[in-house]
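# Survey of secondary and tertiary structure
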Amino acid sequence: MNKKQLHAISAAACAAMLALSATGAWAQTAARGSAQAFPEKPLRLLVPFAPGGNTDILARAVGQKMSENWGKPVVVDNRPGGSGIISAEIVQKATPDGHTIFVGSTGELSINPSLFRKLPYNVEKDYAPVSLGTVSPILIASHPAFAPKTIKELVDLAKAKPKTLSYASVGVGSPMHLSGELFKMITGTDIVHVPYKGGAPASTALIGGREVQFGYVGMGPAIPHVKSGRMKALAISTAKRATLLPDLPTMQEQGVKDFDTSIWFAFLVPAKTPKPVIAKLNAELNRILRLQDTRDFLINTGVEVTPTTPEELARFIRSEAQKYRKIIQVSDTKLDQ
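Residues numbered from 1 in each chain as written. Predicted model: local features only at pLDDT ≥ 70, side-chain atom pairs only at ≥ 80, totals over all residues. Heavy atoms only, no water.

## Focus on the overall build of the chain
- A count of helical and extended segments in the chain gives 12 helices and 10 strands.
- The buried share of the chain, reckoned over its 337 residues, is 49%.
- Within the chain, contacts between residues at least 6 apart in sequence are counted, and of these 78% link residues at least 24 apart.
- In the structure as shown, the chain presents an accessible area of about 15900 Å², 56% of it carried by carbon and sulfur atoms. (Helix = DSSP H or I, 4+ residues; strand = E, 2+ residues; numbered from the N terminus. Buried < 20%, exposed > 50% of the residue type's maximum accessible area, 1.4 Å probe, protein only. Contact = heavy atoms within 4.5 Å. Areas by Shrake-Rupley, 256 points an atom, 1.4 Å probe, with all protein chains shown as cover.)

Structure, rendered in structure tokens:
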């Protein structure tokens, strides 16, 4: 090969590199321009539960502040049913421009992938994390007449009388149910699970004290029953104590090593949403969640406010998925065959 040919190849290579560089620069400029213009139309927050629950409350609190700041309508779209799969699929198929946001929870994002043999979405491939929103501790509670006053006393009783105690949850595969299974795994106890169709019937069963001895219930709805004396609080499920019940010890503080479960809510968008748009959404969500009036309002519903970076949320979802995968495998929990 002569010098003329080498010069020609070198020139072609340089031209190709310049073209690629120009393409990359154009893409970055376009993405920045997209983020600067965002939002260009109304935003939709997909909630996989009916109105009135913690997910819906979070979405509406954030949506109102977002609309006030950006001057665009924010619609909270409640699509309950199908273990959250209905909402998850809508977001999965939405245009990846940041205007459709999934307010997902522990179930859809970290439990379903191990609970269902065939799931129509892939959490890591189909969604881009934006920020964690809130974490709701689970309350371990009992009927007031139930003898144990501490978790140690509960463990001692369960070991002395295997298969005679029963615990309530809001349904098979829920964070409450899997909290109960994790408790059994760590403590080596044999306790019967009694699932109910939601928090209200589970709480009613605990207050009645005939069908079950204790249970795992959402903290917000249970607090009035605890304060009225109709329910006895035994422990909090999270590693840190709850803001609304600061005197109630955690499971870990009462000797149940590595016990840490919760119901959490996070914001995600469809995969391939431009990173500058995700960054703008993250900044806005973090701003809103750090406002004192927003924090006070949400904390009073029984949650802890926990804004994060997208990267922190991605790590958190993976860690939670690994935890629940182990619990589901050991307990042989199934919802479909």
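## Observations concerning the packing of aromatic side chains
- Here the structure, examined in full by the defined rule, presents 8 aromatic pairs.
- Ring centres of tyrosine 167 and phenylalanine 214 lie 6.1 Å apart, and the angle between their planes is 35°; on these two criteria the pair is classed as tilted. Here tyrosine 167, found in strand E5 (residues 166-169), pairs with phenylalanine 214, found in strand E7 (residues 214-218); they are 47 residues apart in sequence, far enough to count as distant. Considered together, tyrosine 167 and phenylalanine 214 belong to a single accessibility category, that of buried residues.
- Each member of the aromatic cluster is reached from another via a ring pair, and the members are Phe146, Tyr167, Phe214 and Tyr216. (Phe/Tyr/Trp six-rings, centres within 6.5 Å; stacked < 30°, edge-to-face > 60°.)

## Considerations on the packing of helix H2 (residues 54-70) against helix H10 (residues 275-289)
- Two elements in contact, H2 and H10, have axes whose closest approach is 10 Å; the angle formed by their N-to-C orientations is 110°. When the axes of H2 and H10 are compared, the pair comes out roughly perpendicular. Once H2 is placed against H10, the crossing between them reads as right-handed. Contacts between H2 and H10 pair Leu58, Val62, Lys65, Met66, Asn69 and Trp70 from the former with Lys280, Leu281, Glu284, Leu285, Arg287, Ile288 and Leu289 from the latter.
- Here the residues of the contact of H2 with H10 sort into 8 nonpolar, 1 polar and 4 charged. (Axes fitted to C-alpha atoms, helices over the stretch in contact; angles between N-to-C directions. Parallel < 35°, antiparallel > 145°, perpendicular 65-115°, else oblique. Left-handed = near helix turned anticlockwise from the far one by under 90°. Nonpolar A, V, L, I, M, F, W, Y, C, P; charged D, E, K, R; others polar.)

The analysis is restricted to geometry; functional conclusions fall outside its scope.
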